[in-house]
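Remarks on the overall topology
Each chain, written out:
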Amino acid sequence: MKIFKIAFWVLWRIWFYVLMAIPILIMLPFLIISILSEKGYPYFFKMARIWARFILFGMGFYYIVKREEKLIKGKSYMIVANHTSMTDIMLMLVLIKNPFVFVGKKELVKIPLFGFFYKRTCILVDRSSSKSKNEVFKRAQNRLNQGLSICIFPEGGVPDDESILLDEFKDGAFRLAIEHQIPIVPIVFPDNKERFSYTFMSGSPGKMRARILPFVETKGLTIEHRKELKDKVRNLIYNGLIDFQK
């Protein structure tokens, strides 16, 4: 029985990367055209949402979302969520219609095909370099000035210890939100670790629940409120995860 499970996990993981490639190859000419200039990003974003749906459906995932507040079309937000799986990217794209840009780790550039577009459309960060972090901040500001939203997983990556429910948050997302006086959208992903974690021999098809919490306003806040804001948002997401466990 264990041999069959191992075979399933190996084939299933390979299938995930096949699914990532298929819609990219089908939409390749349109994707390339959409990244030729920053103005084409909203069109790229629409195709990215199709790509995300295709992967989730193909992997046997179905999502259930509870929205406690809805995003307004044309308004910029800072979108944050707990981070436990690569499928967080796909689920986020499916849930949020407002065009947003991911701030993500540069290591994903190595994935064939996906990495090509990831590098050219997302804001990449090398967390070991202070210069890289400053560049990220400038690029994120530029995207917000264009009327887009930003999505950051504020834990700064997936914790190596999968027993950690929610790691400590970094400052970046909250600093940007305060400087641009935009609302923060906290989102809880309680099932993605179970469905498709970074541990190779794990995961299974099934439901992916998500909960979009009430937005946290930043109007009137200054940079001195950064830690207070960060702790508030982390507590909201942490308590949301606890609620799902009950």
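About the criteria used
- Residues numbered from 1 in each chain as written.
- Predicted model: local features only at pLDDT ≥ 70, side-chain atom pairs only at ≥ 80, totals over all residues.
- Heavy atoms only, no water.
- Salt bridge = Lys/Arg side-chain N within 4 Å of Asp/Glu carboxyl O.
- Buried < 20%, exposed > 50% of the residue type's maximum accessible area, 1.4 Å probe, protein only.
- Helix = DSSP H or I, 4+ residues; strand = E, 2+ residues; numbered from the N terminus.
- Expected span 1.5 Å × (residues − 1).
- Contact = heavy atoms within 4.5 Å.
- Pairing = 2+ DSSP bridges.
- Axes fitted to C-alpha atoms, helices over the stretch in contact; angles between N-to-C directions.

Attention now moves to the pattern of salt bridges. Overall, the coordinates contain 9 salt bridges when judged by the stated rule. A salt bridge links glutamate 194 to arginine 195; its shortest N-O distance comes to 3.6 Å. Judged by relative accessible area, which is 52%, glutamate 194 ranks as exposed. Between aspartate 243 and arginine 211 there is a salt bridge, with its nearest N and O atoms 3.6 Å apart. Highlighted residues: aspartate 243 in helix α9 (residues 226–245) and arginine 211 in strand β7 (residues 206–212), separated in sequence by 32 residues.

Along its 20 residues, α9 runs 29 Å from first to last C-alpha, staying within 8% of the 28 Å computed at 1.5 Å per residue. On its buried side, α9 packs onto β2 (78–81), α7 (172–180), β6 (184–188) and β7.

Going residue by residue along β2, you find Met78 and Val80 tucked away on one face and Ile79 and Ala81 tucked away on the opposite face as well. In the sheet, β2 pairs with strand β5 (residues 149–152) via 3 bridges, with the strands oriented parallel. Bridging across to β5, valine 80 finds its partner in isoleucine 152. Pairing of β2 with β6 involves 4 bridges; the strand directions are parallel. Across the sheet, the residue bridging to valine 80 is proline 186, located in β6.

What follows deals with the sheet that holds β2. With mixed pairing, the 7 strands of this open sheet are ordered in space as β1-β7-β6-β2-β5-β3-β4. The sheet is open, and its two edges are formed by β1 (61–67) and β4 (123–125), each paired on a single side. Neighbour to neighbour, the strand axes of the sheet diverge by 25° on average, direction disregarded. Most of the contacts of α9 go to β6, to which it runs at about 25°, and overall it touches β2, β6 and β7.

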